[in-house]
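Each chain, letter by letter, is given below.
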Amino acid sequence: MKTYKIAIAGFGGVGRATASLLLSRRMRYRDVYGADVRLVAVCGSRSGVADVDGLEEEQLLTLEDGFSGPAFIEASGADILIEAGPSDFRTGGPGLAYIRSALSAGRDTIVISKGALAHSGRQLRELARGSGAMLKLSGAAAAALPTIDLVGHSLKGCEVLSVEGILNATTNYLLDAMTTRGIGFDTALREAQQGGFAEADPRNDTEGWDTACKLLILANFGLGADLDMNDLTVEGIQSITGDRIEAWRSEGLVPKLVGSLTRVNGAFRAGVGIRTYPLADPFANIRGKDKAIRIVTDAMGETIAIGSGKEPLATAAAALKDLEHILTARIANPFRY
Ligand SMILES: NC(=O)c1ccc[n+]([C@@H]2O[C@H](COP(=O)([O-])OP(=O)(O)OC[C@H]3O[C@@H](n4cnc5c(N)ncnc54)[C@H](OP(=O)(O)O)[C@@H]3O)[C@@H](O)[C@H]2O)c1
């Protein structure tokens, strides 16, 4: 049986959920892929733990100071990196160094954070191409809502003409609460923060940047575009007033924060902003923390997917879906390991 050694860099809510789900699925990996999948290292910003024979759940409870960084992951002997650190699209975040190091060494890499992909996507694609490493990123591209896989598998061969996505759960929750319960932005935000699904500093979500990152990643990694953040117009929901919501409601319209891509003369035009939908449109009925994507192609017409997974399990599962795609590809072509 072939052994696959996995390391996780970034060990917060999502990293921990990914580790636990991976350990709980070891029997599945043996049965389905004939693969002995071992978690050999995890680390946060300052501490970590490694065991080449495979970590067990109880070893994940106490991380040791000083064990962190790309060199720590390198030394663990991992074949596959799962990166789950903070997202910072302005700098690439700490994930950038881990991802660069793994791809340069030819290590297959599953990325959950968005920062490095939005900041240095072209360089990372080139590194992966150069070393032959697989680079998978479902967790960074709306996670439980299939986006990259939808265009890369289900719609393969078709030309994508346009994409519309409700890609950020927090803003959808806020707009939904404002529209259906008539509460103001500040009240809805406080409620979301108390429920743990809006950050203390919510601007990355409310100003549209999280949606923009996901859109950029889908465009560049899924559709072969070469956009950067300066190519996008980005507007958020922070200045939507109760009066405006009421005006839309009186016209039978429901506002959503939407990332959109349109193919114009072979190139993509992209932006993030409010769009309004009549009640009969499926997008008007995407409630609470759900997400959705609508893709129009030349040959398959319109496809809509709706995602409603609970976090952080849903994002962990999206990353491990990527792992299974890597196992499938590597087992079909096993000489790489
Ligand atoms: N939460 C969700 O539902 C969700 C959904 C989709 C995608 N994501 C993405 O998933 C990523 C993780 O989210 P989260 O909710 O798990 O965040 P989190 O709880 O804040 O965890 C972030 C982790 O990254 C670690 N970290 C920071 N700098 C590091 C470094 N230099 N080296 C190694 N680790 C470092 C932190 O370490 P310390 O513990 O030492 O500070 C922490 O363990 C984010 O990029 C987020 O955008 C999250």
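Residues numbered from 1 in each chain as written. Predicted model: local features only at pLDDT ≥ 70, side-chain atom pairs only at ≥ 80, totals over all residues. Heavy atoms only, no water.

Next up on the list: the packing of helix H4 (residues 95–104) against helix H5 (residues 115–131). In a packed pair of helices, the relevant descriptors are the angle between the two axes and the axis-to-axis distance. Running from N to C, H4 and H5 cross one another at 10°; their axes reach a closest spacing of 9 Å. By the angle class used here, H4 and H5 are roughly parallel. Of H5, the residues touching H4 (which contributes Gly95, Leu96, Ile99, Arg100, Leu103 and Ser104) are Ala116, His119, Ser120, Gln123, Leu124, Leu127, Ala128 and Ser131. Of the residues in the contact of H4 with H5, the class split is 7 nonpolar, 6 polar and 1 charged. (Axes fitted to C-alpha atoms, helices over the stretch in contact; angles between N-to-C directions. Helix = DSSP H or I, 4+ residues; strand = E, 2+ residues; numbered from the N terminus. Parallel < 35°, antiparallel > 145°, perpendicular 65-115°, else oblique. Contact = heavy atoms within 4.5 Å. Nonpolar A, V, L, I, M, F, W, Y, C, P; charged D, E, K, R; others polar.)

Let us now look at the packing of helix H2 (residues 26–33) against helix H12 (residues 313–332). Look at H2 against H12: their axes get within 12 Å of each other, and the N-to-C directions meet at 30°. Put simply, H2 runs roughly parallel to H12. Remark: the crossing between H2 and H12 carries right-handed chirality. The residues of H12 that touch H2, namely those facing Arg28, Tyr29 and Tyr33, are Leu320, Leu323, Glu324, Leu327, Thr328 and Ile331. The residue inventory of the contact of H2 with H12, partitioned by class, reads 6 nonpolar, 1 polar and 2 charged. (Left-handed = near helix turned anticlockwise from the far one by under 90°.)

Below, the discussion takes up the site of the ligand. Lining the immediate surroundings of the ligand are 21 residues, of which Val14, Ser45, Gly85, Ser87 and Tyr98 lie closest. Between the ligand and Ser45, the relevant distance is 2.6 Å, taken from an oxygen atom to a side-chain nitrogen or oxygen of the residue. Within the contact set of the ligand, a nitrogen atom lies 2.7 Å away from a side-chain nitrogen or oxygen of Tyr98. When the free accessible area of the ligand is taken as 900 Å², the share hidden by the protein chains comes to 67%. (Near = heavy atom within 4 Å. Polar contact = N/O pair within 3.5 Å; in protein donor to acceptor, adjacent residues only side chain to side chain. Areas by Shrake-Rupley, 256 points an atom, 1.4 Å probe, with all protein chains shown as cover.)

Let us now look at the domain arrangement of the protein. Put simply, an interface is often sized by how much accessible area is lost when its parts join up. In terms of domains, the protein is made up of domain 1 (2–144 + 313–336) and domain 2 (148–307). Computed over C-alpha atoms, the centres of domain 1 and domain 2 are 28 Å apart. At the junction of the two partners, domain 1 supplies 16 residues and domain 2 supplies 16 residues. When domain 1 packs against domain 2, close to 1,500 Å² is buried across both sides, 65% of that on carbon and sulfur atoms. When residues of domain 1 are sorted by the area they lose upon contact with domain 2, Phe89, Lys114 and Arg125 head the list and together hold 34% of the total. In this structure, the connection of domain 1 to domain 2 is made through 4 salt bridges. For Arg125, the salt bridge goes to Asp226, with nearest N and O atoms at 3.9 Å. Applying the counting criterion to the domain 1 and domain 2 interface returns 4 residue pairs in polar contact (both at pLDDT 80 or more). For the side of domain 1 that touches domain 2, the secondary-structure elements that each account for two or more residues are H5 and H12. Across the side of domain 1 that touches domain 2, the residue classes break down as 8 nonpolar, 3 polar and 5 charged. (Domains from an automatic or database assignment. Buried area = accessible area lost by both parts, 1.4 Å probe. Salt bridge = Lys/Arg side-chain N within 4 Å of Asp/Glu carboxyl O.)

This part takes up the UniProt feature "active site" (unreviewed entry) in the protein. As recorded in UniProt, the feature "active site" (unreviewed entry) lies at Lys214. In this fold, Lys214 is placed in helix H10 (residues 209–222). Side-chain polar atoms of Lys214 contact the side chain of Asp210, separated by 2.6 Å. (UniProt positions renumbered as here; feature names shortened; annotations may be inferred.)

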